[in-house]
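Chain by chain, the residues:
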Amino acid sequence: MPSTEHNAPFEEGKENSHNQVDPKDQRSIANRLAAETQSSEPGDDPETARMKEDPTAPAREHGNEPSKGAKIDAQLQQEEQAELERKGKA
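Cut-off values and rules
Residues numbered from 1 in each chain as written. Predicted model: local features only at pLDDT ≥ 70, side-chain atom pairs only at ≥ 80, totals over all residues. Heavy atoms only, no water. Helix = DSSP H or I, 4+ residues; strand = E, 2+ residues; numbered from the N terminus. Expected span 1.5 Å × (residues − 1). Buried < 20%, exposed > 50% of the residue type's maximum accessible area, 1.4 Å probe, protein only. Polar contact = N/O pair within 3.5 Å; in protein donor to acceptor, adjacent residues only side chain to side chain. Contact = heavy atoms within 4.5 Å.

A. Inspection of helix 5 (residues 68-87) at higher detail. Taking 1.5 Å per residue, 20 residues should reach 28 Å; helix 5 reaches 29 Å between its end C-alpha atoms and fits that length. Just downstream of helix 5, Gly88 is the residue with a positive phi angle, here 80°.

B. Representation of the side chain of Thr56 within the structure. Looking at the element boundaries, Thr56 is found in the loop between helix 3 (46-53) and helix 4 (57-61). For Thr56, a relative accessible area of 9% gives the class buried. A polar contact of 2.9 Å, which involves the side chain of Thr56, links it to the side chain of Arg60. Discounting residues that sit within four places of it in the chain, Thr56 has contacts with Pro66, Ala70, Lys71 and Ala74.

By themselves these figures say nothing about function.
This is the structure:
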């Protein structure tokens with residue numbers, strides 16, 4: 001007698017447990033291509049958008065000092081913004 005405590009099999013799987021672009025999968029090439037374009041199209045998640053706005057933000061949010069590379073990225077970003085403003089494009 002089946003137990004009513006268990007969910008249906010399709011509800012028990014873990015999210016993202018299947019690789020959508022697995023070459024050993026028996027889906028057609030067209031379906032694999034559609035899955036790939038669908039997975040790469042969405043915009044940036046909020047954390048990535050924040051990082052693009054301020055490269056030092058992730059480190060500071062976690063209470064750490066930003067890395068040298070993040071500091072350089074922030075400096076370059078400021079210089080580029082100043083240059084665009086000087087040219088009147090921003």
